[in-house]
Amino acid sequence: MNADILLDAFGLIDDRFIIPDEKPRVISWRRSLTVLAAAVLMAAMCVGTVMAVSEDFRSFVFSIFRIETPEQPPADEETHPTEAGLHKMDIVNIDGEVNAWYFSSGGYVMACQGGFYTSQWSENGTAPADPAFWEITYDGAREVKNTRVDFPFTHSGKTFRILFDYAILNGNLSIRVWPERLNENPVGNGWNLETIGNRTDAALLTVPVLSNNDYTHDLFLLDLDTLEVTELITDTIQRGVAADGYRVSEDLRYSIVTGTDLQADKYGIWLYDLQTQSMTSLPEASAADARFLDHNTVLFRQYLDQNHFNMVFLHIPTGTKTVLLENVSSGEYRAIRSHRADGRHCLLFREDGSVGLMDFRTKEILKLTGLSAENLTCDESPDGSHIMLGDKDNDGYTSLGILDPETGLLKLLEREVSGSESFGGWLDNDTLVITAHDTPDSDLHFTPGDGYYVYVYRFCE
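For clarity, every value in this text was computed on a predicted model and none was experimentally measured.

Below, the discussion takes up the overall build of the chain. Tallying secondary structure elements over the chain gives two helices and 33 strands in all. Going through the 461 residues of the chain one by one, you find that 57% of them count as buried. Taking contacts inside the chain between residues at least 6 apart in sequence as the whole, the part at least 24 apart equals 49%.

This part covers unusual backbone geometry. The general pattern is negative phi for most residues beyond glycine and trans for most peptide bonds. Unlike most non-glycine residues, R181 shows phi in positive territory, near 55°. As for its placement among the helices and strands, R181 is situated in the loop between β10 (172-177) and β11 (192-195). Under the relative-accessibility criterion, R181 is labelled partly exposed at 41%. Positive phi is not limited to glycine here, since N213 has a value of about 70°. Classification of N213 by relative accessible area gives exposed; the value is 75%.

Counted according to the given criterion, the structure contains 16 salt bridges. A salt bridge links R415 to E71; the shortest N-O distance between them is 2.8 Å. With R415 in the loop between β30 (409-414) and β31 (420-428) and E71 in the loop between β1 (63-66) and β2 (87-94), this pair connects stretches of sequence that are 344 residues apart. This pair shows no difference in class: R415 is buried, exactly as E71 is. Bridged by salt links that share partners, the residues D150, R161, E180, R181 and E184 form one connected network.

What the three strands build is an open sheet, ordered β8-β9-β10; its pairing is antiparallel. In this open sheet, the two edge strands, each paired with only one partner strand, are β8 (147-155) and β10. Averaged over all pairs of adjacent strands, the angle between strand axes in this sheet comes to 35°, irrespective of strand direction. Note that β8 and strand β9 (residues 158-169) share nine bridges and pair antiparallel.

Counting 20 residues, the largest nonpolar core has L432, Y457 and F459 as its most contacted members. Sorting the residues of this core by element identifies β3 (98-105), β29 (397-404), β31, β32 (431-437) and β33 (452-459) as the ones contributing at least two each. A per-element tally of this core places β33 first, with four residues. The next biggest cluster of nonpolar side chains, apart from the first, holds 18 residues, and it includes F160, I175, W191 and L224.

Moving on: the sheet that holds strand β5 (residues 115-119). The strand order β4-β5-β6-β7 describes an open sheet built from four strands, whose pairing is antiparallel. Each having just a single partner strand, β4 (108-112) and β7 (140-144) make up the two edges of the open sheet. Between one strand axis and the next, the sheet turns through 30° on average, direction left out of account. As judged from the five bridges shared by β4 and β5, these two strands associate in the antiparallel manner. The residue of β5 that forms the bridge with A111 is F116.

This structure, assessed with the given rule, holds nine aromatic pairs. Seen in terms of ring centroids, F153 and F220 are 5.2 Å apart; in terms of plane orientation they differ by 80°. Their pairing is edge-to-face. Linking F153 in strand β8 with F220 in strand β13 (residues 214-223), this pair joins segments that are 67 residues apart in sequence. F220 shares its class with F153; the two are buried. In this structure, R301 is placed above the aromatic ring of F309, and the distance from its NZ or CZ to the ring centre is 4.6 Å. Of note, K392 hangs over the ring of Y397, and the distance from its end group to the ring centre comes to 5.7 Å.

Quick look at the environment of W191 now. Mapped onto the elements of the fold, W191 is located in the loop between β10 and β11. Polar contacts involving the side chain of W191 include one to the main-chain carbonyl oxygen of R161, which spans 3.4 Å.

Take the pairing of β11 next. Moving residue by residue along a regular strand, the side chains alternate between the two faces of the sheet. Along β11, one buried face is formed by N192 and E194 and the opposite face, lined by L193 and T195, is buried too. Sheet topology note: the β11/strand β12 (residues 202-211) ladder contains four bridges and is antiparallel. Opposite E194, over in β12, you have L204 as the bridge partner. Counted between consecutive antiparallel strands, the loop separating β11 from β12 contains six residues, among which G197 sits at a positive phi close to 55°.

Across the chain, pLDDT averages 83, with 82% of residues at or above 70. The spread of mean pLDDT over the elements of the chain runs between helix α1 (residues 3-10), the lowest at 33, and strand β14 (residues 229-233), the highest at 98. Note that pLDDT drops below 50 for residues 1-58; the model gives that stretch 167 contacts with residues more than four away or on any other chain. Note that residues 440-446 has pLDDT below 50 and, in this model, 14 contacts with residues that lie over four places away or in other chains.

You can see D218 is positioned in strand β13. Of the side chains with opposite charge, R239 lies nearest to the buried D218, which makes no salt bridge, at 9.9 Å. Looking at D218, its side chain comes within polar contact range of the side chain of H155, at 2.7 Å.

By the criterion of burial, strand β15 (residues 241-248) is predominantly enclosed, with eight of the eight residues buried. Here β15 folds back onto strand β16 (residues 254-261), and the loop between the two strands holds five residues, one of which, L252, carries a positive phi near 60°.

Here the focus is the environment of T216. Among the structural elements, T216 can be located in strand β13. The sequence separation of T216 and T206 amounts to 10 residues, and the corresponding C-alpha distance is 9.9 Å. In this view, T216 contacts V207, P208, V209, T236, I237, V241, A242 and A243; residues no more than four positions away in its chain are not counted. In terms of polar contacts, T216 uses its side chain to reach the backbone amide nitrogen of A243, at 2.9 Å.

Cut-offs applied
Residues numbered from 1 in each chain as written. Predicted model: local features only at pLDDT ≥ 70, side-chain atom pairs only at ≥ 80, totals over all residues. Heavy atoms only, no water. Helix = DSSP H or I, 4+ residues; strand = E, 2+ residues; numbered from the N terminus. Buried < 20%, exposed > 50% of the residue type's maximum accessible area, 1.4 Å probe, protein only. Contact = heavy atoms within 4.5 Å. Salt bridge = Lys/Arg side-chain N within 4 Å of Asp/Glu carboxyl O. Pairing = 2+ DSSP bridges. Axes fitted to C-alpha atoms, helices over the stretch in contact; angles between N-to-C directions. Core = buried A, V, L, I, M, F, W, Y, C linked by side-chain atoms within 4.5 Å. Phe/Tyr/Trp six-rings, centres within 6.5 Å; stacked < 30°, edge-to-face > 60°. Lys NZ or Arg CZ within 6 Å of the ring centre and 35° of its normal. Polar contact = N/O pair within 3.5 Å; in protein donor to acceptor, adjacent residues only side chain to side chain. pLDDT = per-residue confidence, 0-100. Lys, Arg positive; Asp, Glu negative; His and termini not counted.

Listed below in structure tokens is the structure:
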């Protein structure tokens, strides 16, 4: 069960929420873990071939490094705790290639950048009395000092109770928000708070505004020390746009705005320049996957018909648009997710059955020879430097690994499925989280008191 599913169980996930651009992050305990590593295995298996695409694409050779010892997570429904927090079950090193931490919990657990947030199960989405943040350490987990913020914020005639917990985990700002009365009005009460790249002093706040029966969302900068709130974007409704989402460049210069053109009654996408306070429509862009590749470049999908599209670069300062992929069919393309948004890579499925991994930033393609596409699942690390690849059946991950696109090497761990498993996210660019619970149902939900397990995997360099 991943963080999105857990939040969805509380009614706290909304696709309107802002998704800021990310910078690379490295957690501080990386160096201390190197003492766990044994001898590095030398053999590589399943060497693939190189896909020739054009002169713009650099050639790669894909290889799979299969870790010899399969993993058996220690889930045991007879011994799981009833208390919240992270309760250590075991720590193992697998063939000097993977360090694994196993935890259980009787409460709510959310993986976040740098660590975890835990609490007792909340009733009706109210903020818990026992929030805790945790960093993973050499010998288990360490609770980190957290701060609860609770203040009223009045905007456009409505007062919101801004209530959230935050902490600095291995240099990363982690936030858990607690909006009130979402069950009464999930849009009208659905304010949200998001981090800004690697900044730890401020966050982005969005609040809903009702205007003539249409909800728009305004964007603010919140200083975490002073709780001063500064307006960033508050005029979309005056421009005839009911904004429902923002993706913000890390330097706070530009924002991608998604929402409804009220005059045309059509969903669309706009580019907002926060310096000049100008907003420009991108009528050919699909709002579903538009994102920043860097401070000055937007990547978006331009549909040619219902099933075919181009992938297009927009260089913002010059307005230059460049077609990266032309006339791609929906069946040939799969976006790779990163932090609930599309990332910097995609998968391309060819007629010959091959699968290619494309890096949008470099235009390079790596042909993934030797992997079955049928149950292939993937996710992108925070800075886009690594890709999680796994084979997932109805219950969980029979294999799990991290691919380094720069070297073409995939380290792959074979696993015994431990229950109803879901991908829980990344703690850093080398560390994955799998969550499991021992009484699965068709919705991947569970009730308080069921056995809940957290497995952390750090793949050694």
